[in-house]
Amino acid sequence: MNVHLPSAPKGPARIGIGGPVGSGKTALIERLLPALARRGIEVAVITNDLVTREDAERVRRSGLIDPGRVRAVEAGACPHTVIREDPTLNIAAAEDLEARYPGLDLILLESGGDNLASTFSLDLVDWWMFVIDVGQGDDIPRKRGPGIVQSDLLVINKLDLAPYVHVNADQVLTEAAGVRKGRALLGCACRPHGRAASDQADGIEAIIDLIVRDVLFTDIPAEVQGEA
Ligand SMILES: Nc1nc2c(ncn2[C@@H]2O[C@H](COP(=O)(O)OP(=O)(O)OP(=O)(O)O)[C@@H](O)[C@H]2O)c(=O)[nH]1
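In this report, the structure presented in the accompanying data block is examined. Treat the numbers as computed from the prediction; the structure is a model and nothing was measured.

Observations regarding the overall build of the protein chain
- Check the secondary structure of the protein chain and you find eight helices and seven strands.
- Here the C-alpha atoms of the protein chain give a radius of gyration of 17 Å, agreeing with the 17 Å that 2.2 N^0.38 yields for 228 residues.
- Taken over the C-alpha atoms alone, the protein chain extends approximately 45 × 45 × 35 Å along its principal axes.
- Taking all 228 residues of the protein chain together, 43% fall into the buried category.
- Considering only intrachain contacts with a sequence separation of at least 6, the fraction spanning at least 24 residues in the protein chain is 75%.

As structure tokens, then:
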């Protein structure tokens, strides 16, 4: 399906997914793919690694997406370089996917793991999320940084681990909300494959609801879409 408003630019929306090493960016993509497919949303994925193609190979092997719809970009430098300073390689990968798969609704661009200051160029993405997790400590939101403060959505992942790392998840979410000043914030648990509770209970559906509302605009009433 092509789900954009009539006035929106043609082509799929591009969503950036950034965050520290190991926060669960690839795990989130692995949870989003089947849930997006169930809603009829056509997706492709671009992964960024430092000097390997490991994340792309993992997503290709997952069986969750046609492997042809997954592209790897090797940053060869600090990950933010190729999503912010010079996103040429990622733009080329996105354009290649768009040409090859004309029915795409979304391209998910996963950054390599980076620090709290990483952000995406808006020449590359339309909207971006930043993924942190409770295992990194309950003070991460308080440390702020552009990724935490400026992203369109802050995701706090691994909520299932909170009791085991002695983190009060409610307190982390409350403090993050204070730092975000009204910007979107969601908690989730992208548990390793096979151990998921449900997309609803794990917070995956809430992330997709937000994407549908803020990126794909498909929950806008038909009469409003007609005016756009
Ligand atoms: N318990 C639990 N484990 C998780 C969750 N999300 C991810 N993991 C695990 O955390 C580890 C890192 O997850 P990845 O998805 O590889 O993280 P990443 O952010 O893509 O990592 P880099 O690409 O290396 O930056 C893996 O062992 C995952 O199985 C979660 O919500 N709960």
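A closer look at the pairing of strand β4 (residues 106–110)
- Along β4, five of the five residues are buried, which leaves the element largely enclosed by surrounding structure.
- Burial along β4 is two-sided: Leu106, Leu108 and Glu110 facing one way and Ile107 and Leu109 facing the other are all buried.
- As defined by bridge partners, strand β2 (residues 43–49) adjoins β4 across five bridges and the pair is classed as parallel. Looking at the pairing, Val45 lines up with Leu108 of β4.

Parameters and conventions
Residues numbered from 1 in each chain as written. Predicted model: local features only at pLDDT ≥ 70, side-chain atom pairs only at ≥ 80, totals over all residues. Helix = DSSP H or I, 4+ residues; strand = E, 2+ residues; numbered from the N terminus. Rg over C-alpha atoms; globule rule 2.2 N^0.38 Å. Buried ≥ 20, exposed ≤ 12 C-beta atoms within 10 Å, placed from the backbone. Contact = placed C-beta atoms within 7 Å. Pairing = 2+ DSSP bridges.

Function cannot be inferred from these measures alone, as they are strictly geometric.
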